[in-house]
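Structure assessment
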Amino acid sequence: MAEAADFQGTSASPARRWLRRTGALLAGAPLLAGLLQLPAAAPAAAASADPVSVSLDSLSPNAPTDGDTLTVSGTVTNNGKQAVTGAHVGLRVGPMLNTRSGISDVARHPDDIQGLTSSEVGDKYAQKFTKLAPGVAEHFSISVPVDKLDLGADGVYEFGVALSGQTSAQPWQQVLGIQRTFLPWQPSDADTRTRTTFLWPLLSTVHMTARTGAGELQTPVFLDDDLAKELAPGGRLDQMVSLGKDLDVTWVIDPDLLASVDAMASGNYRLQGDGDTTVPGPKEHQALAKQWLANLQKAVVGKEVVALPFADPDLASLAHRGTSVTGSLSHLKDATDVAATTVKTVLHVTPSTDYAWPMNGAVDPSIMRVATSAGADRVITRSDSFQETAGLSYTPSAARPVGGGTTAVVADAALSTVFDGDLTKADSATLAVQEFLAQSLEINAQTDRQRSIVVAPQRMPTADQAQAMAAAVRALQGGTWSQAQDLTGAAKAKPDPSATTRIPSTSVYPSYLRRQELSAPAFQQIARTQDKLDDFQVILSDQSRVVTPFGRAINRGMSTSWRGRSEAGDGFRSGVEAWLDDLAGQVKLIDKSETKLSGRSATIPVTVQNNLVQPVGHLVLRLTSTQPTRLKIGGKAYAEQSVDIAGGHAASVKFTTSANANGRATVIAQLYTEDGQEYGAPVSFDVKVTEVTPTVMLVIGGGVLLLVLAGFRMYTQRKRAAARQAGEGGAGSAGEDPDEPGNPDEPGGRLPEESDSAGGADDPEQPSDPAPDTAPESTDPSATGERVDR
């Protein structure tokens, strides 16, 4: 037999181990003698190319006690080309298995004829077949009183169902097929019972998108209708609730699942269609969701409920690839904060949020740091990651203080993974249940010390796996070596001082799990989406309509459920970002064509459109001239105005401009948030400056021409006046001409001081005036009879 060192915590106490080995040896002595009498050709028969497969579909009760009758049923199938004659199915009880590693060895090779080490119980408890035709399956059912099995001391016995017969090629009786399993035997209550915590996970994949309807109820949009299939009778989630309600288990729930079902139950949910279209979800699925929630609310009454962070974020991916991206850890905090509120709102119970659960319980120092960064002080790990190093001869309790107030709750790997396989066939499920019970009984038999053991199965069991799990828990609850305990009780149990508390190093983290992690670009995209959300929300009057659905969608983008589905995860995150871009783009500037500006100043309107259903504000519109020497905005290179727009409306914002020169000037309009961040794309347009129009130029040109002509006329008049003055001076000495206009005695005649000029006699002399041709005017009084026009 393998010793305890071969399998963590596999040995019994020395006294009990000696008694059990002695009993097994005595019980096996007759069997050994019988084996020595087998035909020499038996090994060849075991390696026959025409084997018969034996399926063990049910074994009841799973853990028999005194006075029980064991009933075994299944099928035998001749996979060969020759008929099997003289065949019968018989039951075989093998030796007691004293170690957990021994149980695992049998479980790995349940149909290995070479491992046959037992004899038949007796012909009375067998089923005969005259002939097994090739390719034909025959059903069998055998019942035997437990006391006919000659079971000895308490413990785990190998139990087999074998078909014996002969073929024309090998005409002698031989074992042609076998199915080996385990028979836990503990007819009376054990002196010390193991406290067992079984986690009942209620999680699903991501179903809701970030999209919601524009109405008051914000109708949610789902990726697909797969959630309804899980909720339907017989579906995976339906089975988890209907089976779990009668079990002593700790419910481990992803709040995102509750939020999704609740959204479906509220009605009017929609499904993502082709492109940007959506279609209404079937009305009957609303009733499914309501009924499932009602059943779950009843099932968790009086049970411990553990809420994981919203959407079950991938802690390992975050630790290994996300912490280098700014803000990633804040999403884990948000997911943790909203978890308790969601569960309490939907289920009306207050959950525990003290636990973190990395994928498969695999941890390293970085994962432990991330797991506890959002407030969880208990991390659910697994013994194949948190391996024992002290060489203990028994399986220690789950709780391990690892420092800093953190407790690692180490689930047993063998018990937790026994239901991982394909259990769609009845024989696979039966073997899984029997292996689980065998391992559990062997743990209890290792020592008289009471321990707390935790079972953490796969995150999303199938309906078949859930049924097998429920059968195992029911058998355990009705057994004599185990008692139920909730997860908090296991976490608070007194730690074993000899158990390891060393966190595994990063180098031993499983490579297959690392390959499934979210990529660094995934976290970069999440950060980019968050930045866009931060910029968008500041302009909204009702931020919750956007922040809540997008915040939860960002959490979903980090979900553990994307493992193994990287393309789907990338598509989801890209869809969230694209939808946010689309919403933010509903507030935008309307494109403008070229604008013509006449005159020295004018007003330029810029239109802002808000296609959202809610008002927006806290925006600033800046209009900038790229050529301020030609065109100024509000007397400067740019001007700004605050913008507030009602939902579904547009607003025209007007800017005053002034032109300094003709020509084209490019103008750029850009929206900003009040904190100076650019919002949306800018709009650029040209302004053609024509300071004065051609008509105005013509009018001005005509005016200038008139001025020139008037000046020329004045000039000629001035010349004539000067000439007359010169003539009058000559006439005074040589005789006056009475017909000269300057004669003061004639009507209209003028004195010299009244001669035509640009101004009066007192006007200053203009540079363009001609030099006077006469002497300065006399200041003496006028002679009698002279007339002066003043």
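Below is a short write-up of the structure. (Residues numbered from 1 in each chain as written. Predicted model: local features only at pLDDT ≥ 70, side-chain atom pairs only at ≥ 80, totals over all residues. Heavy atoms only, no water.)

**Observations concerning the sheet that holds strand 23 (residues 595-598)**
Which entries qualify depends on this criterion: By the convention used here, strands pair only if DSSP detects at least 2 bridges between them. Runs of E in the DSSP output that reach at least two residues are strands. Runs of H or I that reach at least four are helices, and both are numbered from the N terminus. Simply put, an axis is a line fit to the C-alpha atoms, just over the touching stretch for a helix, and the angle between two N-to-C directions goes from 0 to 180 degrees.
The strand order 23-30-29-25-27 describes an open sheet built from 5 strands, whose pairing is mixed. Of all strands in the sheet, those with a lone pairing partner are strand 23 and strand 27 (638-645), marking the two edges. The average angle at which neighbouring strand axes cross in this sheet is 30°, direction not considered. With 7 bridges joining them, strand 25 (residues 616-625) and strand 27 adopt antiparallel strand pairing. Bridging across to strand 27, Leu-623 finds its partner in Ala-639.

**Digging into a negative patch on the surface**
Keep this limit in mind: Only residues whose relative accessible area exceeds 30% and that take part in no salt bridge are eligible for patches, with like-charged residues grouped when within 9 Å of each other and nonpolar side chains (Val, Leu, Ile, Met, Phe, Trp, Tyr) grouped when within 5 Å. Every accessible area reported is derived by Shrake-Rupley at a probe size of 1.4 Å, with residue values counting cover from the shown protein chains alone. What makes a salt bridge here is a side-chain nitrogen of Lys or Arg within 4 Å of a carboxyl oxygen of Asp or Glu, nothing more. His is not counted, nor are the chain ends, whereas Lys and Arg count as positive and Asp and Glu as negative. By convention, charge coordinates are those of NZ in Lys, CZ in Arg, CG in Asp, or CD in Glu. For the exposure calls, accessible area comes from a 1.4 Å probe over protein chains only, and a residue counts as buried if that area is under 20% of its type's maximum, exposed if over 50%, partly exposed in between.
Together, Asp-531, Asp-534, Asp-535, Asp-644, Glu-674 and Asp-675 make up a negatively charged patch on the protein surface. No other element matches the 3 residues that helix 16 (residues 520-537) contributes to the negative patch. Taking relative accessible area as the criterion, Asp-644 reaches 60% and is therefore assigned exposed.

**Quick word on the side chain of Arg-236**
What counts, and what does not: Distance and chemistry together define a polar contact, namely a pair of N or O atoms within 3.5 Å, with one atom able to donate a hydrogen and the other to accept it when in protein, and with adjacent residues in sequence counting only for side-chain atoms on both sides. The contact rule is simple, with two residues in contact once any of their heavy atoms fall within 4.5 Å.
Note that Arg-236 resides in helix 5 (residues 236-244). The exposure class of Arg-236 is buried, given its relative accessible area of 11%. A distance of 3.3 Å separates a polar side-chain atom of Arg-236 from the backbone oxygen of Pro-461. Apart from the residues lying within four places of it in its own chain, the contact partners of Arg-236 are Leu-203, Ser-204, Glu-230, Met-460, Pro-461, Thr-462 and Ala-463.

**Side note on the packing of aromatic side chains**
Here is the rule: For Phe, Tyr and Trp, rings pair up if their centres lie within 6.5 Å, where Trp contributes its six-membered ring, and each pair is then called stacked (planes under 30 degrees apart), edge-to-face (over 60) or tilted (otherwise). Charges are assigned to positions over rings by a cutoff of 6 Å between ring centre and Lys NZ or Arg CZ, combined with an angular limit of 35 degrees from the ring normal.
The full count for this structure, using the stated rule, is 5 aromatic pairs. A centroid spacing of 6.1 Å and a plane angle of 50° characterise the contact between Phe-198 and Trp-200, whose relative ring orientation is tilted. For Phe-198, a relative accessible area of 3% puts it in the buried group. Look at Trp-200 and you get buried, because its relative accessible area is 0%. Aromatic side chains Trp-562 and Phe-572 sit 5.4 Å apart centroid to centroid with 35° between the ring planes, which places their arrangement in the tilted category. One end of the pair, Trp-562, is in the loop between helix 17 (544-556) and helix 18 (566-584); the other, Phe-572, is in helix 18, and 10 residues separate them in sequence. The exposure classification of Trp-562 matches that of Phe-572, with both residues buried. In this structure an aromatic cluster arises from ring pairing among Phe-198, Trp-200, Phe-419 and Phe-436. Note that Arg-622 overlies the ring of Tyr-638, its terminal NZ or CZ placed 4.8 Å from the centroid. In this structure, Lys-636 is placed above the aromatic ring of Tyr-638, and the distance from its NZ or CZ to the ring centre is 5.8 Å.

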